[in-house]
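Structural characterization, general
Next come the chains, spelled out residue by residue.
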There are 2 protein chains.
Amino acid sequence: MKRILVTGASGYIGARTLAPLRALGFEVHASARRARRDTEVAWHEADLLVPGAAAALVATVRPTHLLHAAWIATPGVYVSAPENLHWLTASLELASAFADAGGERMVGVGTCFEYGPTAGPCDEQRTPLHPNTFYGACKAATWHALDGLLRARSVEFAWARVFYLFGGDEAPQRLVPSLIDALAAGRVAECTAGTQRRDFLHVDDVGRAIASLAASAVVGAVNIGSGRAITLRALIEEIARQMDESALVRFGARPIPPNDPPELVPSVERLAREVGFAPELDLAAGVAAAIAARRRPRAA
Amino acid sequence: MKRILVTGASGYIGARTLAPLRALGFEVHASARRARRDTEVAWHEADLLVPGAAAALVATVRPTHLLHAAWIATPGVYVSAPENLHWLTASLELASAFADAGGERMVGVGTCFEYGPTAGPCDEQRTPLHPNTFYGACKAATWHALDGLLRARSVEFAWARVFYLFGGDEAPQRLVPSLIDALAAGRVAECTAGTQRRDFLHVDDVGRAIASLAASAVVGAVNIGSGRAITLRALIEEIARQMDESALVRFGARPIPPNDPPELVPSVERLAREVGFAPELDLAAGVAAAIAARRRPRAA
């Protein structure tokens, strides 16, 4: 039996990996600072920033596989928070404990912000990493350190570099939910020119992609994206079109932030060919799901 | 007054930076686990792997500049030793303490093994990092983490990626001293074919180059090399020629180790143009100095 431990399992990405991992035949153990009630998977409470917590968790679960999705993700804070450094060292402690306990395969969650501003599709092998945020730098550092550590310990290691994602219970201040909220309330949405080229993947597909990567034998960095590069404007227009509120969108009303790269899109060849993953939701379906999720009344 | 703290100051590279730093106008504070007796610089004893030691050292010295040359360097061990990971976290602690204490500029010491096997000259901006050793991976991780950390703290940061070096009190099992010893004893020297292309810089020039980088305002990664790519065979032939023992060298007597890259050479444009450094020793002069140093009787 393959037994996987998922850290950050109550998080935006981590939570979307649990069902796909079960569907792929894993016995799933989920860890978070506060466990959710979920009869489908076994929950464990752990604060991985506390020294020794990772070793205790690994000793309890004895996983064959480890999907490490925990990291600081507080909106508006995570980009430059000192906790990025704590997560780097905590990730090393977790990986060491996993290797010590005879773990077979680890997958970590990285980010397109490891690449930093580039031109052309980011390739896992050929594109140099020039992170220009503290978050991106600490993820890049974690990638190199885990890759070196786990290679030395003969543990398989893959690193999911997640590009832009949306949908589900996204933080309300992010682009997609704040736009949906504005249009739903009949408010004008002041946008940038929207010329930035991005690759947006619905978070449910991101969860499935990372689960597929965990179940595969692919090693090294793997970009997680749809393979469809679009402008931010095209995404906004699709949302407004589906909500029938295109007249409320003002493109060019705000300047593009100076640190916002003109283009940040992945090559998804490894994900498509080696992992064999294809998204289930195209842009229209992903947007429809995002609108439905945002407008659905929440349980308390 | 610029006051620089040099960690690993009794080490192979660190020790060669002290005199050049003084010549460049720095008040030099040297730290090592065991202080050397040296009236020219102020020595401090510290084991930076002990939590809190870095902060105490920085509080004592209050440096404006920090040259961090300390790392595990035990021959035959450093490439895969677990201590590489300890030095990653210790380096982060040191940099944080330096930033907390109002430090202005830090230089760290990296390695060509961050690049891993590549073709063509390694460029600091364009060549992706693919370290294939634990040592190289931990150095690459330290580079990204320090760069992110110090940018966030508004501390200038440069990273010296040192290529191949030789001369001085090199460990006796390394290529140059072991070859000199063999030829001096009249023993046959069994070598590989020596087709590997490298850039060799005498360690005295490495020390001067890093000191110049510390005194400059250049930020980011900077390769440290001579700019002369030669084959290993050319280096060996020069040593044998100067010792008049060419007949003792057997090229091709040993296979090239499988993990030895065919080519690992830097672009030194940043070092030459931005830092303004030029080596003082050409290959013949460096080899002559290395032979003289090796054959000189040692003090106990």
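Our subject is the structure listed above.
Residues numbered from 1 in each chain as written. Chains lettered and ligands numbered in written order. Predicted model: local features only at pLDDT ≥ 70, side-chain atom pairs only at ≥ 80, totals over all residues. Heavy atoms only, no water.

**Observations regarding the interface of chain A and chain B**
Taken residue by residue, the interface counts 24 residues in chain A and 24 residues in chain B. Carbon and sulfur atoms supply 72% of the area that chain A and chain B bury against each other, a total of about 1800 Å² over both sides. A per-residue breakdown of the area chain A buries against chain B is headed by Leu-85, Phe-134 and His-144 of chain A, which together make up 27% of the total. Here chain A and chain B share zero salt bridges between them. At the boundary of chain A and chain B, one finds two residue pairs in polar contact (both at pLDDT 80 or more). Elements with a minimum of two residues in the side of chain A that touches chain B: helix 3 (83–100) and helix 4 (134–152) of chain A. Here the element with the most residues in the side of chain A that touches chain B is helix 4 of chain A; it accounts for ten residues. Split by residue class, the side of chain A that touches chain B holds 13 nonpolar, eight polar and three charged. (Contact = heavy atoms within 4.5 Å. Buried area = accessible area lost by both parts, 1.4 Å probe. Salt bridge = Lys/Arg side-chain N within 4 Å of Asp/Glu carboxyl O. Polar contact = N/O pair within 3.5 Å; in protein donor to acceptor, adjacent residues only side chain to side chain. Helix = DSSP H or I, 4+ residues; strand = E, 2+ residues; numbered from the N terminus. Nonpolar A, V, L, I, M, F, W, Y, C, P; charged D, E, K, R; others polar.)

**Some thoughts on the pattern of salt bridges**
Residue and element names in this part refer to chain A. By the definition in use, this model includes 37 salt bridges over all chains. Residue Arg-16 pairs with Asp-169 through a salt bridge whose shortest N-O separation is 2.8 Å. Note that Arg-16 is positioned in the loop between strand 1 (3–7) and helix 1 (18–23) and Asp-169 in the loop between strand 7 (164–166) and helix 5 (175–184), a separation of 153 residues in sequence. Judged by its relative accessible area of 18%, Arg-16 is buried. Of the charged contacts, one joins Arg-198 and Asp-260 as a salt bridge, the two residues approaching to 3.2 Å between their closest N and O atoms. Here Asp-260 lies in the loop between strand 12 (249–250) and strand 13 (263–264) and Arg-198 lies in strand 9 (residues 197–202), a separation of 62 residues in the sequence. Judged by its relative accessible area of 24%, Asp-260 is partly exposed. What emerges from the salt-bridge pattern is a single network uniting Arg-16, Asp-169 and Asp-204. (Buried < 20%, exposed > 50% of the residue type's maximum accessible area, 1.4 Å probe, protein only.)

**Details of the state of the cysteines**
All names here are of chain B. Considering all chains together, one arrives at zero disulfides over all chains under this definition. Residue Cys-112 stays outside any disulfide, its sulfur separated by 7.6 Å from that of Cys-122, the closest cysteine. The exposure class of Cys-112 is buried, given its relative accessible area of 1%. (Disulfide = S-S within 2.5 Å.)

**Brief notes about the pairing of strand 4 (residues 65–68) of chain B**
Residues and elements named next belong to chain B. Covered by surrounding structure in strand 4 are His-65 and Leu-67 together with Leu-66 and His-68, the residues of both alternating faces. Relative to strand 4, strand 1 (residues 3–7) is paired through four bridges, and the arrangement is parallel. The residue of strand 4 that forms the bridge with Ile-4 is His-65. Bridge count for strand 4 against strand 5 (residues 105–111) is four bridges, and the pairing is parallel. Among the inter-strand pairings, Leu-66 is bridged to a residue of strand 5, identified as Met-106. (Pairing = 2+ DSSP bridges.)

**Section: the sheet that holds strand 4 (residues 65–68) of chain A**
All names here are of chain A. With parallel pairing, seven strands are arranged side by side in an open sheet as 3-2-1-4-5-6-10. A single partner strand is all that each edge strand has here, and the edge strands are strand 3 (42–45) and strand 10 (220–224). On average, adjacent strands in this sheet sit at an angle of 20 degrees to one another, irrespective of strand direction. The sheet contacts of helix 2 (residues 53–61) involve strand 1, strand 2 (27–32) and strand 3, and relative to strand 1 the element is tilted by about 150 degrees. The strands that helix 6 (residues 203–215) touches are strand 1, strand 4, strand 5 (105–111), strand 6 (156–162) and strand 10; relative to strand 5, the one it contacts most, it runs at about 145 degrees. (Axes fitted to C-alpha atoms, helices over the stretch in contact; angles between N-to-C directions.)

**Let's talk about helix 7 (residues 232–243) of chain B**
All names here are of chain B. Along its twelve residues, helix 7 runs 17 Å from first to last C-alpha, staying within 8% of the 16 Å computed at 1.5 Å per residue. If you check which residues of helix 7 are buried, you get Leu-232, Leu-235, Ile-236, Glu-238, Ile-239, Ala-240 and Met-243. On its buried face, helix 7 is in contact with helix 5 (175–184), strand 9 (197–202), strand 11 (229–231), strand 12 (249–250) and helix 9 (283–295). Looking one or two residues past helix 7, Asp-244 carries a phi angle of roughly 60 degrees, positive in sign. (Expected span 1.5 Å × (residues − 1).)

**Brief notes about the packing of aromatic side chains**
By the definition in use, this model includes 18 aromatic pairs over all chains. Aromatic side chains Phe-113 of chain A and Tyr-164 of chain A sit 5.8 Å apart centroid to centroid with 70 degrees between the ring planes, which places their arrangement in the edge-to-face category. On the criterion of sequence distance, the pair formed by Phe-113 of chain A in the loop between strand 5 and helix 4 and Tyr-164 of chain A in strand 7 is long-range, its members being 51 residues apart. Residue Phe-113 of chain A is classed as partly exposed on the basis of its relative accessible area of 22%. When the ring of Phe-157 of chain B is compared with that of Trp-159 of chain B, the centres are 6.1 Å apart and the planes differ by 45 degrees; the resulting orientation is tilted. Just as Phe-157 of chain B is buried, Trp-159 of chain B falls in that class too. Through a chain of ring-to-ring contacts, the aromatic side chains of Phe-113, Tyr-164, Phe-166 and Phe-200 of chain A assemble into a single cluster. The ring of Phe-26 of chain B carries Lys-2 of chain B above its face, with NZ or CZ at 4.1 Å from the centroid. Seen from the ring of Trp-143 of chain B, Arg-161 of chain B lies directly overhead, with NZ or CZ sitting 5.4 Å from the centre. (Phe/Tyr/Trp six-rings, centres within 6.5 Å; stacked < 30°, edge-to-face > 60°. Lys NZ or Arg CZ within 6 Å of the ring centre and 35° of its normal.)

**What about the packing of helix 5 of chain A against helix 7 (residues 232–243) of chain A?**
All names here are of chain A. Put simply, helix 5 and helix 7 touch, their axes get as near as 11 Å, and they point 35 degrees apart. In this structure, helix 5 meets helix 7 at a crossing whose hand is right-handed. Residue-level contacts link Leu-175, Val-176, Leu-179, Ile-180, Leu-183 and Ala-184 of helix 5 to Leu-232, Leu-235, Ile-236, Ile-239, Ala-240 and Met-243 of helix 7. A class-by-class count of the residues in the contact of helix 5 with helix 7 yields twelve nonpolar, no polar and no charged. (Left-handed = near helix turned anticlockwise from the far one by under 90°.)

**Topic: the packing of helix 5 of chain B against helix 9 of chain B**
Residue and element names in this part refer to chain B. Two elements in contact, helix 5 and helix 9, have axes whose closest approach is 10 Å; the angle formed by their N-to-C orientations is 65 degrees. Considered as vectors, helix 5 and helix 9 are oriented roughly perpendicular to each other. In terms of crossing hand, the pair formed by helix 5 and helix 9 is right-handed. Counting all contacts with helix 5, which are made through Val-176, Pro-177, Ile-180, Asp-181 and Ala-184, the residues of helix 9 involved are Ala-290, Ile-291, Arg-294 and Arg-295. Classifying every residue of the contact of helix 5 with helix 9 gives six nonpolar, no polar and three charged. (Parallel < 35°, antiparallel > 145°, perpendicular 65-115°, else oblique.)

**Concerning the relation of the copies chain A and chain B**
Laying chain A over chain B is done by rotating through 180 degrees and shifting 0.0 Å along the axis; what remains is an RMSD of 0.0 Å. Taken together, the turn and the small shift mark the pair as related by a two-fold rotation axis. Comparing interface residues between copies, 100% of those in chain A also sit at the interface in chain B, which points to an isologous, same-surface contact. (Least-squares fit on C-alpha atoms with pLDDT ≥ 70 in both.)

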